[in-house]
Amino acid sequence: MSDLADLTIHEAGAGLRARNFTATDLLDATLRRAAVTEAHLHAYLTIDHDGARAAAATADRSLAAGDDDRPLLGIPVALKDNMVTRGVVTTASSQILAGWNPPYDGTAVARLREGGAVIVGKTNLDEFAMGSSTENSAYGPTRNPWDTNTVPGGSSGGSAAAVAVGSAFGGYGSDTGGSVRQPASLTGTVGVKPTYGLVSRYGLIAFASSLDQIGPLARTVADAATLLEGVAGWDRLDATSYHGDLPDISGSLEAGVEGLRIGVVSELTGEGIDPEVLSATRVVSDRLSDAGAAITEVSLPSTEFALSAYYLIAPAEASANLARFDGVRYGLRVDGETTEEMMAKTRADGFGPEVTRRILLGTYALSAGYYDAFYGQAQRVRTLVRQDFATAYERVDVLVSPTSPTTAFEIGAKVSDPLAMYYSDVCTIPSNLSGDPAMSVPVALDEGGLPIGFQVMAPALGEELMFRVAAEVERAAEFTVRARLATSEVDA
Amino acid sequence: MTNWEAVIGIETHVELQTATKMFCGCPVDFGDAPNTAVCPVCLALPGALPVANEQAIEGILSIAEALDCTLTETSLFYRKNYFYPDLPKNYQISQFTFPVGVDGHLDLEVAGETTRIGITRVHMEEDTGKSLHQGETGRIHGAAHTLLDFNRAGVPLVEVVTEPDIRSPQQARAYGAELQRIVRALGVSDAKLEEGSMRFDANVSLRPQGSDRLGIRAEVKNVNSLRSMQRAIAYEIDRQTEVLEEGGAVVQETRHWNEESGVTTSMRSKEESEDYRYFQEPDLLPLYIDEAWRRRVRARRPELPAQKRARYHDLGADAQVAALLVDSPDLGTLYEDAVVGGADPRPVGIWLTGEVVAYLRREGKAIGDTGLRSGDLVELAAMTAEGDLSSTAAKEVLGAVLAGEGNPQAVAEARDLLQISDVSAIENAVDEVLAANADAVEKILGGDTKPVGFLVGQVMRATGGRADPKVVHELIRTKAAG
């Protein structure tokens, strides 16, 4: 592995500070990798060559001046295209925002720029982050670098694929019901959904405001910690952002699991979960036990209702969040005889089928006469989910489960069956409903050579503990294989 | 024939004059060129988020507290969903259950009678942008196209909703006027109806006199002055009376008041009305107003118009003058300062609400632009009380002081208006006049008092009109009778 594009962020950072190579060298390696892999993957919607070159040059000047203490300085990163970037087209993979050039940076983006990160470009997603395969993109699907006939998961499939294949050192996605963790699981990367409020949502194009969180995708747990620390923290522009001391994430990675109580979620150990996934999960649990943790089974009884509750709450919020796309101020406009007709035509043409389905579902769930039975009931389930977690955390320090019920599935396999697709998020959704942190760590390959992810969940603001366990999972699993497309000879 | 009773409830929107908008840092300033006081948040760009403005929360708390509402400890924001081009997010952040204030009241005094109007709720929301329909009528029908100005989008808006406790157009107007005074006294809004910083919607229904059931109501919109609110409600009462007298039924609908034609016309009926799909705003935390905050709000409640009227009344102004002085706070302040400075309240109140108001109106000036200070009023009142100035001369002096000619003493001297009330000086003149008019003196001694007036006139003429007529009169009576 002599290619710079294959280094971890920590290795790359050390190399930059040792003057073994420059930030521009890292970017060149990244862009060379992208030039080879993009034709097969379509991880990126936009590669910002000029912006990235300028950022790398700036980073090199800082490094040369000895101003080099920012951990992400000079590191090429990929951003999901629902993160608003000033001067770089941002579409959320929707026709309705085709060509939209934002006049402002979201807070996470601004922090990355301040941190000296090199933003390579904007990655593909399911339109408005609605999906679990990155097939619902108005600009075509992204493919999985482990097997290009399969999906990379979603909705942050573009960032996950880019990180897995080496066309970015780290990536950011957004996780509303598993949209960072599930693609991480399917692409053999580490993906984190932080505690709700840990990362500002200002400048993240909203899908479901009470569930959305920006989170990193990385090739190692340590890299994920660094990426998360690069964007976390209070923001006065987001009223729901957490205002308090931040967990020391990177500092917790070597502490081990000796004496920790780890609960295996019993509702996620059987029906509906692929046996190979289950057995990989058990192997990891055993190794955690070997490393000194006390493993028990813990029940989260509301898990079976969480998926249904999520598919009412998220579409309900989305139906309002997406109302602003009306053709009046920006984005697509399809003319009509009246203002109402213009708005209706714009929205009919601009939104894809899954987005339309969820807007309709959400509108219906909030309508007079249905509110209590649907939205109101879903909120009550959400309260139960929170209570279940709270009860569980009285007995254990962290919870674990598979991240995804299956490994990567074939492109098109679930497109015509939304409910099967929705089931992809069964293991991840409870943490979004509770607001607690959760992350996925790759632990094994299935018989078909596709990666399996292991989920670690912790109480709110328990990132230190969660990463501590995740680091142990990473060490125990010894998962070092790389995506086929990242290692094989590929025609340019 | 049935005697119908009108049942009226009023919803008022008040724009708060905060430094910045409700959910972003854009300035609240209505003089700006269109679409210059805007940002990602109030334009609802993708990804932008609202953050509540503390100054606006303080403002609504003041209003709710002044209306004697119960202040909700944990108040919630909601999204009110509807599509309209000047509503950038296509939902308005508003309140639904748990508004900032509930169960308040406002006492109205109309013609000496006090009526308590219940306040159902006081809630916080944001204003929309402005649609400027380009066409002959300026209304949406027939407009060729519409321009949008988002400077107003996101301006803090307080909605005050009454119980259906109002019974007449006059009472409705009095309520509107009193609410306007309160909001202004609190200093949270200029509450200008003509500029839309205060707006009324009236819900009007009728029921047979004596019934305690509510009739079907129509909501009247677009009333842009207190007068048009009174007219619109009066019209609506007449219209509904006619409908009911003819055996028809009032339709629950929204009606538009047309100022020129003086009628209301149907905008939309309830069947077409929208389902706003309210749900709690996930981008904002609940608003927690703890006891300490509630105490602070109560502690800083300023003197409200009703209390001020009562105080002015106690200071010696009659009810009408007191009301006028409260409506013109600058004059009220002058009044207070003058009275506290020792002036007789009666003439000061009459001067301020008479000559001064007339002068300001005639000259188009504010009181601060004139030469009149409270000390001048104290001086003027003293000069009048001591007989140095006749009441007519006092008005002339006041006019000159307003025009900036100087203080009352200087003006009176310069204009030679001071009365001679020194008895010895007047005595000489009286003696001369009596000596020259022996006939008249004769008659008076004979019991005929008619010539007294003639003699007073002669003395006044001899003194150039400056002798105090009371003193002259007294001297003639003593001397002639003497």
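The structure this text deals with has already been given above.
Please read all numbers here as calculations on a predicted model, not as lab measurements. (Residues numbered from 1 in each chain as written. Chains lettered and ligands numbered in written order. Predicted model: local features only at pLDDT ≥ 70, side-chain atom pairs only at ≥ 80, totals over all residues. Heavy atoms only, no water.)

(A) Local environment of the pairing of strand β7 (residues 261-265) of chain A. Residues and elements named next belong to chain A. Across the 5 residues of β7, 4 count as buried, placing the element largely inside the fold. When β7 meets strand β8 (residues 294-298), the two strands line up parallel, connected through 5 bridges. Residue pairing for β8: G263 is matched across the bridge by T296. Pairing of β7 with strand β9 (residues 398-402) involves 3 bridges; the strand directions are parallel. (Buried < 20%, exposed > 50% of the residue type's maximum accessible area, 1.4 Å probe, protein only. Helix = DSSP H or I, 4+ residues; strand = E, 2+ residues; numbered from the N terminus. Pairing = 2+ DSSP bridges.)

(B) Up close: the sheet that holds strand β1 (residues 44-47) of chain A. Residues and elements named next belong to chain A. The 11 strands are arranged β1-β3-β2-β4-β6-β5-β10-β11-β9-β7-β8 in an open sheet whose pairing can be described as mixed. Strands with a single pairing partner mark the edges of an open sheet, and in this sheet they are β1 and β8. The average undirected angle you get between the axes of adjacent strands in this sheet is 30 degrees. Lying over the sheet, helix α3 (residues 49-64) contacts β1 and β3 (118-123), oriented at roughly 155 degrees with respect to β3. (Axes fitted to C-alpha atoms, helices over the stretch in contact; angles between N-to-C directions. Contact = heavy atoms within 4.5 Å.)

(C) Representation of helix α9 (residues 374-385) of chain B in the model. All names here are of chain B. The end-to-end C-alpha distance of α9 is 17 Å, a good match for the 16 Å that 12 residues give at a rise of 1.5 Å each. Taken as a whole, α9 has its buried residues at D376, L377, L380, A381 and M383. Projected onto a plane normal to the axis of α9, the buried residues spread over an arc of 160 degrees and lie on a single side. Phi turns positive one or two residues past the end of α9, at G387, with a value near 80 degrees. (Expected span 1.5 Å × (residues − 1). Arc of directions from axis to C-beta.)

(D) Inspection of the side chain of R324 of chain A at higher detail. Take R324 of chain A: it is sitting in the loop between α9 (303-321) and α10 (339-350). Buried charge R324 of chain A goes without a salt bridge, the closest partner of opposite sign being D283 of chain B at 5.7 Å. Engagement of the side chain of R324 of chain A in a polar contact is seen with the side chain of Y91 of chain B, the distance being 3.5 Å. With residues up to four places along the chain from it excluded, the contact list for R324 of chain A reads R329 and Y330 of chain A together with A44, L45, P46, G47, A48, P88, K89, N90 and Y91 of chain B. (Lys, Arg positive; Asp, Glu negative; His and termini not counted. Salt bridge = Lys/Arg side-chain N within 4 Å of Asp/Glu carboxyl O. Polar contact = N/O pair within 3.5 Å; in protein donor to acceptor, adjacent residues only side chain to side chain.)

(E) Expanded view of the pattern of salt bridges. Scanning the model with the defined rule gives 51 salt bridges over all chains in all. A salt bridge links R475 of chain A to E472 of chain A; its shortest N-O distance comes to 2.8 Å. Placement of the pair is R475 of chain A and E472 of chain A together in helix α15 (residues 463-477), with a separation of 3 residues, close to one helical turn. The partly exposed category is assigned to R475 of chain A, whose relative accessible area is 35%. On the accessibility criterion, E472 of chain A (13% relative accessible area) is buried. Put simply, R309 of chain B and E178 of chain B hold a salt bridge, and the shortest N to O gap is 2.9 Å. On the criterion of sequence distance, the pair formed by R309 of chain B in helix α5 (residues 305-314) and E178 of chain B in helix α2 (residues 169-186) is long-range, its members being 131 residues apart. E178 of chain B sits in the buried class, given a relative accessible area of 4%. Linked through salt bridges whose partners overlap, the residues forming this network are R201 and D238 of chain A together with R79, E281 and D283 of chain B.

(F) Expanded view of the pairing of strand β6 (residues 213-218) of chain A. All names here are of chain A. Of all 6 residues in β6, 6 are buried, a share of seventy percent or more. Burial of β6 is two-sided: the residues Q213, G215 and L217 facing one way and the residues I214, P216 and A218 facing the other way are all buried. Here strand β4 (residues 170-175) pairs with β6 via 5 bridges, running antiparallel. By the bridge assignment for β6, S174 is matched with I214. Alignment of strand β5 (residues 190-193) against β6, held across 2 bridges, turns out to be antiparallel. Each bridged residue has a counterpart across the sheet, and for G191 the counterpart in β6 is L217.

(G) Expanded view of the packing of α2 of chain B against α5 of chain B. Residue and element names in this part refer to chain B. Orientation of α2 relative to α5, taken along the N-to-C sense of each, is 90 degrees, at an axis distance of 9 Å. Between α2 and α5, the angle is such that the two are roughly perpendicular. Seen from α2, the contacting residues are E178, R181, I182 and A185; seen from α5, they are P305, A306 and R309. For the contact of α2 with α5, the per-class residue count stands at 4 nonpolar, no polar and 3 charged. (Parallel < 35°, antiparallel > 145°, perpendicular 65-115°, else oblique. Nonpolar A, V, L, I, M, F, W, Y, C, P; charged D, E, K, R; others polar.)

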